[in-house]
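Structural overview
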Amino acid sequence: MNLTKPIAERPSKKIYRDGNYAVKLMNEEYSASDVLNEALNLSIVHETGFAVPALHEVRKIDGKWAIIMDYVEGRTLFSLMNEDPASIPALLERMVDLQLKMHTYKAKRLRHLTDKFHAKIDQSGLDATTRYELRTRLHGLPKHNKLCHGDFTPGNIIITPDGDGVIIDWSHATQGNASADAARTYLRFLLAERGNQAEAYLKLFCDKSDTARQYVNKWLAIVAASQMVKGNPEEREMLLRWAQVVEYE
């Protein structure tokens, strides 16, 4: 297996290409349950018929867990945006179209988004009053069962040579409310200091899905609280502001 030079690196994992396969090699901190859960998510989504890489194997390589799947030829939407800023409006539109297509699929074996958010709120480190208000808001929001990615960002979208969009990295996949998925994407743009793209993205999502902006906004405090579990000190101040349960109009 060719694992000499990674094609992508993240703080806790490296991705390699070995012929027709992509090998995601995790750091030692990953538990077997974390890795197997990600592999299961990918398999469940693949079985819906939605176009995602097929899982081939989960194994240990030099003492580290690895997920082996189809390699997808192409470039990330993120790299295309950086290469040609003038193309960003068109690329954002493609991004939203792909997300809306994803939300038409159902994956009933995935964990429900509401259950995941309840657990994240408990782990957020927020005070008891704020946690109570967040759980109350979450309880009052509709429970849908649409396929949600959980980290739908330009870096997780590959545009193939044929022009198709393929979504990768399904470790956070759930079934739930599409507006929650959109709220997370919006927040991720903001955390990356891409405020203009965040606003353009959310306007496109609301227009194309006929969703009120106010409805997506109701998810922002909940999504911000869930993001706080990652413990990134650089994000904490912004997330604390967003996690306050007020109406964002």
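So, here's what we can say about the structure.

Parameters at a glance
- Residues numbered from 1 in each chain as written.
- Predicted model: local features only at pLDDT ≥ 70, side-chain atom pairs only at ≥ 80, totals over all residues.
- Heavy atoms only, no water.
- Helix = DSSP H or I, 4+ residues; strand = E, 2+ residues; numbered from the N terminus.
- Rg over C-alpha atoms; globule rule 2.2 N^0.38 Å.
- Buried < 20%, exposed > 50% of the residue type's maximum accessible area, 1.4 Å probe, protein only.
- Contact = heavy atoms within 4.5 Å.
- Pairing = 2+ DSSP bridges.
- Axes fitted to C-alpha atoms, helices over the stretch in contact; angles between N-to-C directions.
- Core = buried A, V, L, I, M, F, W, Y, C linked by side-chain atoms within 4.5 Å.
- Phe/Tyr/Trp six-rings, centres within 6.5 Å; stacked < 30°, edge-to-face > 60°.
- Lys NZ or Arg CZ within 6 Å of the ring centre and 35° of its normal.

1. Considerations on the overall build of the protein chain
- A count of helices and strands for the protein chain gives ten helices and ten strands.
- Scaling as 2.2 N^0.38, a compact globule of 249 residues should have a C-alpha radius of gyration of about 18 Å, and the protein chain matches this with 18 Å.
- Considering only C-alpha atoms, the protein chain reaches an extent of 50 × 40 × 35 Å along its principal axes.
- The 249 residues of the protein chain split such that 46% are buried.
- The contacts of the protein chain with a sequence gap of at least 6 include a subset with a gap of at least 24, amounting to 67%.

2. Focus: the sheet that holds strand E4 (residues 55-61)
- Pairing is antiparallel across the open sheet formed by five strands, whose spatial order is E1-E2-E3-E5-E4. This sheet does not close on itself; its edge strands, each paired only once, are strand E1 (8-10) and E4. The mean inter-strand angle of the sheet, taken between neighbouring strand axes irrespective of direction, is 20 degrees.
- Two strands pair when backbone bridges link them, and E4 and strand E5 (residues 64-70) are joined in this way by six bridges, in the antiparallel orientation. Note on E5: the bridge partner recorded for lysine 60 is tryptophan 65.

3. Description of the environment of proline 11
- Mapped onto the fold, proline 11 is located in the loop between E1 and strand E2 (13-18).
- Along the chain, proline 11 and threonine 153 lie 142 residues apart, while their C-alpha atoms are 17 Å from each other.

4. Observations concerning the nonpolar core
- With 63 residues, the main nonpolar core has Phe50, Trp170, Tyr201 and Trp219 as its most contacted residues.
- Counting residues per element, this core draws most heavily on helix H6 (residues 178-191), at nine residues.
- In this structure, Val23, Ile61, Ala66 and Ile68 belong to the second largest nonpolar core, which totals six residues.

5. A look at the sheet that holds strand E6 (residues 75-76)
- Taken in spatial order, the three strands of this open sheet run E6-E8-E9, and their pairing is antiparallel. What marks the edges here is a single partner per strand, and that holds for E6 and strand E9 (165-167).

6. A short note on the packing of aromatic side chains
- Summed over all chains, the structure comprises six aromatic pairs.
- Taking the centre distance of 5.0 Å and the plane angle of 55 degrees together, the rings of phenylalanine 50 and tyrosine 105 count as tilted. A residue pair is termed long-range when its members are at least 10 positions apart, and phenylalanine 50 in the loop between helix H1 (32-47) and E4 and tyrosine 105 in the loop between helix H3 (88-102) and helix H4 (113-123) qualify at 55 residues.
- Phenylalanine 50 sits in the buried class, given a relative accessible area of 4%.
- Members of the aromatic cluster, connected to one another through ring pairs, are Phe50, Tyr105 and Trp170.
- Between the NZ or CZ atom of arginine 213 and the centre of the ring of tyrosine 186, over which it lies, the distance is 5.2 Å.

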